[in-house]
Amino acid sequence: MSESLTRSISGIVYIALLLGATLLSSISFKILFVVFMFIAVHEYCRLAKLKTTVPFIITLTGFVLFGIVTTSAIYENLLLNAAALFVSVGLLVRLFGKSRIVVSDDNTKIVQLIGYVIIPFLLIIKLPFLGADYNPYVIVGMFVMIWANDTFAYIVGKSIGKNKLFERISPKKTIEGFIGGVVFTVAGAYILGLYFTFLTPLQWMGFAAIVAVFGTLGDLVESQLKRKAGVKDSGNIMPGHGGILDRLDSVIFAVPFLFLYYQIILYVS
């Protein structure tokens, strides 16, 4: 089987599994993403050269406390959100500065793991429950925008891209591709808003801008993690695509910013 065919089949299975579990029920959605969370924690530990025992205990504890029952008080959501944003901002400072994202101290690695991987997955699990009833379409919309941004950034970058976005981390990304991805994703979000009417088209466009910008930054953050670890992929669970972190790096980095945005919309509505 050729590599391109393997990659295509793997991608189709992944998309079908993700959309199927999300649309089927809230239980299947939670099961899928808690499995993804444990795999992503394992992959992060591999990148950071960290033993998995303590991280797995923290992951299980986090899911029991915050993931099983998702109808939590607003202060709980804000606390989780603030912790993830704190780590995300720190990663961005290191990305654009001279500090290394992969650190040597195990305690710092665990803190980074909690804010970069575990809490974002918990926020993804909690996101469709923010409006009280389970709303799978906020998750579907988020992933459609991630895929649209990746697709159009690639097409525009391949067609007219000349100026490198962040060459030392991701040599193939261009400024033109980045702008094209954002523009087409935001434009597509307006159309999405005509069908998914629990948000207005303008609110969906804000949603899309956050996904496109911070999703791209998340891809760069994970690329630097892999570069420092000396590996091409975070794992090999998806033939032709790498690991779960490789597939969800954009989502887990964007979701703390997205979660805050969505809470504000629901609060002021």
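Here's a quick rundown of the structure. (Residues numbered from 1 in each chain as written. Predicted model: local features only at pLDDT ≥ 70, side-chain atom pairs only at ≥ 80, totals over all residues. Heavy atoms only, no water.)

### Section: the packing of aromatic side chains
Line of reasoning, step 1. Per the counting criterion, the structure on display carries 18 aromatic pairs.
Line of reasoning, step 2. Here the aromatic rings of Phe152 and Phe184 are separated by 4.6 Å at their centres, their planes lie at 10 degrees, and the arrangement is stacked. Of this pair, Phe152 sits in helix α6 (residues 136–160) while Phe184 sits in helix α7 (residues 175–195); the two residues are 32 residues apart in sequence, bridging distant segments of the chain.
Line of reasoning, step 3. In this structure Phe184 comes out as partly exposed when scored by relative accessible area, which is 42%.
Line of reasoning, step 4. Pairing Phe198 with Trp204 gives two aromatic rings, centres 5.4 Å apart and planes at 70 degrees, and the pair type is edge-to-face.
Line of reasoning, step 5. With a relative accessible area of 33%, Phe198 lands in the partly exposed category.
Line of reasoning, step 6. Linked through ring pairs, Tyr14, Phe29, Phe33, Phe36, Phe129, Tyr134, Phe143 and Trp147 together constitute an aromatic cluster. (Phe/Tyr/Trp six-rings, centres within 6.5 Å; stacked < 30°, edge-to-face > 60°. Helix = DSSP H or I, 4+ residues; strand = E, 2+ residues; numbered from the N terminus. Buried < 20%, exposed > 50% of the residue type's maximum accessible area, 1.4 Å probe, protein only.)

### Examining helix α9 (residues 244–268)
Line of reasoning, step 1. Its 25 residues give α9 an end-to-end C-alpha distance of 35 Å, which sits within 8% of 36 Å, the value for a rise of 1.5 Å per residue.
Line of reasoning, step 2. Its maximal kink placed at Val255, α9 deviates by approximately 45 degrees, while the proline Pro256 follows within four residues.
Line of reasoning, step 3. Burial runs high along α9: 19 of the 25 residues are buried. (Expected span 1.5 Å × (residues − 1). Bend = angle between axes of the 7 residues up to and from the residue.)

### What about helix α8 (residues 201–229)?
Line of reasoning, step 1. For α8, with 29 residues, the first-to-last C-alpha span of 41 Å sits near the 42 Å given by 1.5 Å per residue.
Line of reasoning, step 2. Among the residues trailing α8, Gly230 stands out with phi positive, at a value near 75 degrees.

### Remarks on the packing of helix α4 (residues 74–96) against helix α5 (residues 106–126)
Line of reasoning, step 1. The N-to-C vectors of α4 and α5 enclose an angle of 135 degrees; their axes lie 9 Å apart at closest approach. When the interaxial angle is binned, α4 and α5 end up oblique. For the crossing formed where α4 meets α5, the hand is left-handed. On the side of α4, the interface is formed by Glu76, Asn77, Leu80, Asn81, Ala83, Ala84, Val87, Leu91 and Arg94, while α5 contributes Val111, Gln112, Gly115, Tyr116, Ile119, Leu123 and Lys126.
Line of reasoning, step 2. Looking at the contact of α4 with α5, its residues break down into 9 nonpolar, 4 polar and 3 charged. (Axes fitted to C-alpha atoms, helices over the stretch in contact; angles between N-to-C directions. Parallel < 35°, antiparallel > 145°, perpendicular 65-115°, else oblique. Left-handed = near helix turned anticlockwise from the far one by under 90°. Contact = heavy atoms within 4.5 Å. Nonpolar A, V, L, I, M, F, W, Y, C, P; charged D, E, K, R; others polar.)

### Re the side chain of Ser10
Line of reasoning, step 1. Here Ser10 lies in helix α1 (residues 3–24).
Line of reasoning, step 2. Given a relative accessible area of 12%, Ser10 falls into the buried group.
Line of reasoning, step 3. With sequence-adjacent residues up to four places away left out, Ser10 is seen in contact with Met238, Pro239 and His241.

### Observations concerning the nonpolar core
Line of reasoning, step 1. One finds Phe33, Tyr116, Phe121, Met142 and Phe207 to be the most contacted residues of the largest nonpolar core, which totals 77 residues.
Line of reasoning, step 2. Elements represented by at least two residues in this core include exactly α1, α2 (26–48), α4, α5, α6, α7, α8 and α9.
Line of reasoning, step 3. Setting aside its immediate chain neighbours within four residues, Phe33 contacts Leu18, Thr22, Phe121, Ile124, Ile125 and Phe143. (Core = buried A, V, L, I, M, F, W, Y, C linked by side-chain atoms within 4.5 Å.)

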